[in-house]
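# Notes for the structure review
If you want the building blocks of each chain, they are given just below.
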Amino acid sequence: MITTATIGYPRIGPKRELKKALESFWKGDIKENELQSTAKDLRKKNWEIQKENGIDLITSNDFSFYDQVLDTICLLGAVPDRYNWQGDDVDLKTYFAMARGSQTKELDVSALEMTKWFDTNYHYLVPELKSDQKFKISSQKPFEEFKEAQSAGYKTKPVLLGPITFLLLSKSTEGKNTLDLLDNLLPVYLEIVKKLNELGAEWIQIDEPIFVKDLDEGVISKIKKTLNSIKEAAGNSKILLTTYFESIDQKVKEEVFASDVDAVHLDLVRGENNFNYIKDSNKTLSLGVINGRNIWKSDLTQIIDQIKDVKGDFIISSSCPLLHTPYDLDLETKVPENIKKWLAFAKQKLQEINILKQNINHGEAKSDLTDNKACIEERKKSSLIHDDNVKARVKTINEDTLNRQSKYEDRAKIQRDIFNLPLYPTTTIGSFPQTKDVRQARAKNRKGELSNEDYDKFLEDKTIEAIKRQEELGIDVIVHGEFERNDMVEYFGENLKGFTFTSSGFVQSYGSRCVKPPIIFGDVSRPEPMTVRWSKFAQKQTSSIVKGMLTGPITILQWSFVRDDQPRQTTAEQIAFAIRDEVADLESNGIRMIQIDEPALREGLPLKRKDWDEYLKWSVNAFRISAAVVKNETQIHTHMCYAEFEDIIDSIAALDADVISIETSRSRMELLKTFEKFKYPNEIGPGVYDIHSPRVPKKDEMVELIKKASKQIDPKRLWVNPDCGLKTRGWPETIDALKEMVSAAKELRG
Ligand code: GLN
Ligand code: ZN
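The structure reproduced in this document is the subject of the present report.

Procedures and definitions
Residues numbered from 1 in each chain as written. Chains lettered and ligands numbered in written order. Predicted model: local features only at pLDDT ≥ 70, side-chain atom pairs only at ≥ 80, totals over all residues. Heavy atoms only, no water. Pairing = 2+ DSSP bridges. Helix = DSSP H or I, 4+ residues; strand = E, 2+ residues; numbered from the N terminus. Contact = heavy atoms within 4.5 Å. Axes fitted to C-alpha atoms, helices over the stretch in contact; angles between N-to-C directions. Near = heavy atom within 4 Å. Polar contact = N/O pair within 3.5 Å; in protein donor to acceptor, adjacent residues only side chain to side chain. Areas by Shrake-Rupley, 256 points an atom, 1.4 Å probe, with all protein chains shown as cover. Parallel < 35°, antiparallel > 145°, perpendicular 65-115°, else oblique. Nonpolar A, V, L, I, M, F, W, Y, C, P; charged D, E, K, R; others polar.

The strand order 15-20-21-22-23-24 describes an open sheet built from six strands, whose pairing is parallel. Looking at the sheet topology across the chains shown, the edges are occupied by strand 15 (477-478) and strand 24 (683-686). Of the strands in this sheet, strand 20 (545-551), strand 21 (593-597) and strand 22 (635-640) are in contact with helix 22 (residues 568-588), which crosses strand 20 at around 170°.

So, in structure tokens, the structure goes:
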């Protein structure tokens with residue numbers, strides 16, 4: 001028998017209903033019960049859609065108000081002390097305090113650290129564990145959701161983030177090995193699993209995506225025993241152990257398959273090696289054959305061929321949870337029809353899974369595949385995709401394309417003389433608050449209710465206002481504020497050839513934040529300047545230096561749905577040349593500092609170390625293609641945030657940007673430890689405060705942080721800036737925070 005399954009479904013809502021409810025709740029516009037009822041509706045609709053589209057095993061507990069790792073922190077009672085949690089079931093107030101920080105009289109605390117989930121653009125909250133951490137069940141969520149589904153008529157497979165992944169993604173407050181806590185933690189998992197069994201779960205899904213990483217012996221030796229005890233506690237419930245985002249190594253495979261779990265899920269889209277394990281298996285296999293990370297229609301004929309040797313019963317599923325794909329192509333109104341027919345969103349992926357099942361079960365019901373085949377063939381040959389000039393330009397890359405005129409030390413001297421900035425120069429990362437009026441004006445302009453001229457005037461006013469405010473605050477290097485941009489990738493994609501856009505293709509990034517990744521379907525080029533108009537306008541308004549603001553090639557690549565018919569490297573190089581043209585145009589239009597943001601450089605790092613060098617080489621080169629076109633006198637900045645930079649610090653240096661602004665504040669400057677070993681050669685602005693929280697930082701905190709930084713980095717090379725763009729903040733807190741920041745810099749100069 002062939003079964004169909006999902007291992008997780010998007011939860012923000014087809015029309016981002018959850019986002020809207022959350023944000024209203026945070027503002028105090030709706031009460032908790034209203035938020036809860038929106039959530040309940042969304043869960044029910046999700047189950048319904050999966051059933052309707054032929055999925056046999058649907059998931060519960062894949063819903064979250066913010067993040068599944070945060071849910072697990074609550075489930076296990078691992079709330080850090082600073083949240084004053086009293087030890088009962090974790091309430092929403094504590095939950096959101098961990099997610100977003102809190103600045104009330106009772107509770108003035110910062111949020112948990114946030115970091116990227118594997119190599120996706122989804123962010124999770126990092127658990128903080130003490131070396132004597134106690135765990136106890138402190139949330140009823142998995143049980144309640146299972147029961148809720150049951151009473152709505154759905155038998156579900158509850159999912160839990162597995163204990164090994166949970167521990168390895170946590171950080172120890174004392175720098176210990178978090179896996180040492182496994183003996184403390186496991187009994188709680190066993191209790192949870194037992195409870196789910198008592199509630200009647202036929203299947204329980206344990207997610208262990210960490211199993212695809214390079215694990216050391218210490219971890220591998222714990223796998224089998226851990227899985228066996230979970231299986232034992234689960235009684236007659238079956239355990240589906242899921243791994244995704246890559247293949248599992250041979251040694252991990254041996255442990256997993258020697259354990260007592262009933263079924264193993266393998267990612268067969270990104271984990272090619274996993275194909276070696278599927279021919280002879282002692283377990284039920286869950287074959288992750290439909291890509292959960294991209295939006296292209298699958299080649300179903302090819303998949304059937306790839307899995308034809310699998311013996312016995314198996315499960316067909318998506319490669320990873322569908323959290324990373326948009327909801328439903330049927331809601332899509334913007335993508336042109338000739339491209340739309342090449343696509344599949346979450347709902348369509350359910351249908352593909354079901355078509356595969358029908359086809360394999362009933363052998364000859366081939367009719368379903370002819371459409372799919374025709375689509376796949378048509379896309380390969382389409383003239384929309386290929387541009388010979390672009391392909392030729394990429395072949396011209398040489399040393400000249402990749403290198404600045406002079407080395408950093410020489411450029412730095414020239415730049416110091418001409419810019420004449422004070423010690424600890426202050427700047428921001430680019431965007432200023434995208435307030436309601438900005439979003440409304442953009443929406444009105446889109447709908448044709450606000451003329452282009454009026455919209456343009458509106459943006460000019462906003463830009464002028466932002467510049468005035470920065471001048472009043474005394475910020476040294478000014479930005480134009482990015483009011484014209486909806487999103488740092490979408491804005492560029494809209495101005496580049498080879499990209500298309502969706503109206504409905506939202507994917508959760510963190511909490512209520514969603515992104516709408518562009519789709520790169522063809523060869524990329526830049527028909528016209530994209531940002532020159534705004535940078536030039538801004539520079540005209542002020543005698544201070546205005547920094548031009550661009551998104552880098554790797555970030556554009558990483559935050560788009562990328563074509564799957566050529567290597568990512570080639571697509572990155574094409575984008576890099578487009579940005580290079582923009583950099584050159586900014587320079588020739590009098591812009592003297594240009595920031596090329598690459599917040600996603602780290603996130604694109606392959607999950608297995610053996611693949612790192614190759615990736616870092618082509619991605620660093622892509623940045624250098626974009627930047628190296630300028631003269632010595634033009635200062636190139638870059639920016640990175642929310643990731644662990646330790647492992648790639650030498651590649652960050654190899655970008656050879658004159659200045660980098662980099663996030664460090666949420667993790668309290670942990671990055672600086674790296675600089676004990678690696679002397680970062682160029683200028684650097686370690687972020688001095690966390691912009692993801694409405695909390696206003698105090699001057700003294702920032703002075704402390706910069707002093708800490710000065711121990712590792714020559715103060716002459718230090719900049720002072722927030723840790724990311726300010727677009728999600730309001731103006732009042734932005735002004736207050738920047739005031740504190742500027743006085744911190746001034747105090748240090750003194
Ligand atoms: N320049 C961008 C901004 O300020 C950078 C955003 C980011 O790093 N994600 O919004
Ligand atoms: Zn950032």
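Where strands meet in a sheet, backbone hydrogen bonds hold them as pairs that are either parallel or antiparallel. Strands sit in the order 1-14-13-12-11-10-8-2 across an open sheet of eight strands; the sheet is parallel. A strand with exactly one partner marks an edge of an open sheet, and here the two such strands are strand 1 (2-4) and strand 2 (58-60). Within the sheet, the average angular offset between the axes of one strand and its neighbour, ignoring direction, is 30°. Of the pairings in the sheet, the one linking strand 10 (residues 203-207) to strand 11 (residues 238-242) comprises five bridges and is parallel in character. When the sheet's bridge partners are listed, Asp-207 is paired in strand 11 with Thr-242. Where helix 2 (residues 32-52) meets the sheet, its contacts fall on strand 2 and strand 8 (156-161), and the angle it forms with strand 2 comes to roughly 165°. Contacts from helix 5 (residues 141-151) reach strand 2 and strand 8, with the element oriented near 165° to strand 8.

Our focus in this paragraph is the site of ligand 1. Looking at ligand 1, the residues that line it are Ile-429, Gly-430, Ser-431, Glu-482, Met-488, Met-549, Asp-597, Pro-599, His-639, Cys-641, Cys-724 and Gly-725. Separating a nitrogen atom of ligand 1 from a backbone N or O atom of Ile-429 is a distance of 3.0 Å. Alone, ligand 1 offers 300 Å² of accessible surface; in the complex the protein occludes 91% of this.

Turning our attention to the packing of helix 1 (residues 17-27) against helix 2. Two quantities define a packed helix pair, namely the angle between the axes and the distance from one axis to the other. In contact at an axis separation of 10 Å, helix 1 and helix 2 are set at 170° when each is read in the N-to-C sense. As summarised for this structure, helix 1 and helix 2 are arranged roughly antiparallel, according to the angle between their axes. Touching Glu-17, Leu-18, Ala-21, Leu-22 and Phe-25 of helix 1 are Glu-32, Leu-35, Thr-38 and Leu-42, all from helix 2. Considering only residue class, the contact of helix 1 with helix 2 consists of six nonpolar, one polar and two charged.

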